[in-house]
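Listed below, chain by chain, are the residues.
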Amino acid sequence: MTELVTNAVRHADTLIDLQIINNDGQLLILVSDGSTAVPAPPSRAATTARLDPDRAIGLILVDATADRWGCRRITGGKTMWSALNIGAQAA
């Protein structure tokens, strides 16, 4: 999920905040930045078409590897997040 951080650094050009949370078998990765630009989800057609490596490849990788992901607006920017099911923790 380093793509979320890479995208924030490359495209937001602001300070970023990274949070990684293990929530009872689900790994949550949250990357907040000061940009209000919300990326469009990659289309399935884009995964088979010619890709521009400077544009949509990061979100295509996130879409292919995360169980769920999304974006939410926050005061002064946005938070991109992804969730990975990693199994329940041993007691």
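Residues numbered from 1 in each chain as written. Predicted model: local features only at pLDDT ≥ 70, side-chain atom pairs only at ≥ 80, totals over all residues. Heavy atoms only, no water.

Trainee: Run through the overall build of the protein chain, naming residues and quoting values.
Mentor: Regarding its fold elements, the protein chain presents three helices and four strands. Written out in order from the N terminus, the α and β elements of the protein chain read α-β-β-α-α-β-β. A total of about 5900 Å² of accessible surface is found on the protein chain, and carbon and sulfur atoms cover 53% of it. (Helix = DSSP H or I, 4+ residues; strand = E, 2+ residues; numbered from the N terminus. Areas by Shrake-Rupley, 256 points an atom, 1.4 Å probe, with all protein chains shown as cover.)

Trainee: Would you mind going over the environment of Arg73 in detail, with residue names and values included?
Mentor: You can see Arg73 is positioned in strand β3 (residues 68–74). Given a relative accessible area of 59%, Arg73 falls into the exposed group. A sequence separation of 36 residues divides Arg73 from Ala37, and the C-alpha atoms of the two residues are 9.2 Å apart. Ignoring sequence-local partners within four residues, the contact set of Arg73 consists of Thr36, Val38 and Lys78. Side-chain polar atoms of Arg73 contact the backbone oxygen of Thr36, separated by 3.0 Å. (Buried < 20%, exposed > 50% of the residue type's maximum accessible area, 1.4 Å probe, protein only. Contact = heavy atoms within 4.5 Å. Polar contact = N/O pair within 3.5 Å; in protein donor to acceptor, adjacent residues only side chain to side chain.)

Trainee: So, the environment of Ile20: which residues are in play, and what are the values?
Mentor: Looking at the secondary structure, you find Ile20 in strand β1 (residues 16–22). In this structure the C-alpha to C-alpha distance between Ile20 and Trp81, which are 61 residues apart in sequence, comes to 9.8 Å. Apart from the residues within four sequence positions on either side, Ile20 is in contact with Leu27 and Leu28.

Trainee: Can you break down the sheet that holds β1 residue by residue, with the values?
Mentor: One open sheet holds the four strands; their spatial order is β1-β2-β4-β3, and the pairing between them is antiparallel. Whereas interior strands pair on both sides, the edge strands pair on one side only; in this sheet they are β1 and β3. Strand-to-strand, the axes of this sheet are offset by a mean angle of 15°, without reference to chain direction. (Pairing = 2+ DSSP bridges. Axes fitted to C-alpha atoms, helices over the stretch in contact; angles between N-to-C directions.)

Trainee: Help me get a handle on helix α1 (residues 2–12), residues and values and all.
Mentor: Given 3.6 residues per turn, any residue in an α-helix points the same way as the ones three and four places further on. Buried residues of α1: Leu4, Asn7, Ala8 and Ala12, and no others. Down the axis, α1 shows its buried residues gathered within 100° of arc, on one side only. Along α1, the residues that are exposed and aim more than 90 degrees away from the buried face are Thr2 and Val9. Directly after α1, the chain includes Asp13, whose backbone phi takes a positive value near 55°. (Arc of directions from axis to C-beta.)

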